[in-house]
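Chain by chain, the residues run as shown.
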Amino acid sequence: DPESGVYFPGDINNWQANAGGWVLRYGEYVQINNVRENSNSAIKNKLFSDFSAKIEFKITEKTYEITSGKDTWAGLHVRKEKQDDNPFESGYLITVSTNGEVNLFRKDVKIASAATGRSPYIYRELIVEMKGNRIRVYYAGEKIPVIDIVDNAYRQGYISVNTSKTISHFKKVVVNQN
């Protein structure tokens with residue numbers, strides 16, 4: 001069934017908002033009230049091991065100017081240990097910064113990054129492939145991964161969409177297990 005891995009658009013009840021203000025607006029899942037630094041909403045009650053996750057998203061505005069040296073971004077948090085973990089408690093966080101840089105964090109340590117120069121202020125596609133200990137990240141329609149590494153820290157977990165200091169729109173979230 002090709003629709004079996006589609007989590008959005010779909011039933012909003014498939015999601016657990018853990019931080020931030022998440023609403024369904026004009027057919028998009030939108031994080032609108034970023035009063036917290038890291039906002040996230042997880043696919044409910046579903047663990048993933050090996051998978052391919054694709055989101056179509058855009059950032060519409062920064063909600064805070066960068067004053068502390070931390071960046072503004074949107075992205076995916078994968079293989080997190082608990083459904084409500086924030087991005088720096090467990091798992092892998094893949095972010096697209098407002099400057100177009102793609103970053104991969106393990107828990108709270110940046111382990112890879114790629115400067116793409118492609119603005120996330122228009123709809124972009126972010127694909128994360130997790131197979132065993134291999135992590136591949138594709139951005140903005142590229143056929144070659146912008147990040148391709150091996151890491152053994154996390155082998156399964158929950159998946160969430162995440163933002164930091166931005167209002168972000170998620171038009172599509174698709175996760176297919178391998």
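All residue numbers refer to position in the chain's written sequence, counted from 1. With the structure being a predicted model, the display of local features is reserved for residues of pLDDT at least 70 and the display and counting of side-chain atom pairs for 80 or more, all residues being used for whole-chain, interface and lining totals. Computation of side-chain values covers all heavy atoms of the structure but excludes hydrogens and water.

A. Examining the pattern of salt bridges more closely. Should a side-chain nitrogen of Lys or Arg be within 4 Å of a carboxyl oxygen of Asp or Glu, the pair is scored as a salt bridge. Throughout the structure, instances matching the rule amount to seven salt bridges. The shortest N-O distance in the salt bridge between Arg-106 and Asp-151 comes to 2.7 Å. Here Arg-106 is found in strand S9 (residues 101–106), whereas its partner Asp-151 is found in the loop between strand S13 (147–150) and strand S14 (158–164), with 45 residues between them in sequence. For Asp-151, a relative accessible area of 9% corresponds to the buried category. A salt bridge links Arg-136 to Asp-148; the shortest N-O distance between them is 3.5 Å. Taken as a pair, Arg-136 in strand S12 (residues 134–139) and Asp-148 in strand S13 lie far apart in primary sequence, twelve residues in all. On the accessibility criterion, Arg-136 (26% relative accessible area) is partly exposed. Strands here are runs of E lasting at least two residues and helices are runs of H or I lasting at least four, both read from the DSSP assignment and numbered beginning at the N terminus. When accessible area is computed with a 1.4 Å probe and restricted to protein chains, residues below 20% of their type maximum are described as buried, those above 50% as exposed, and intermediate ones as partly exposed.

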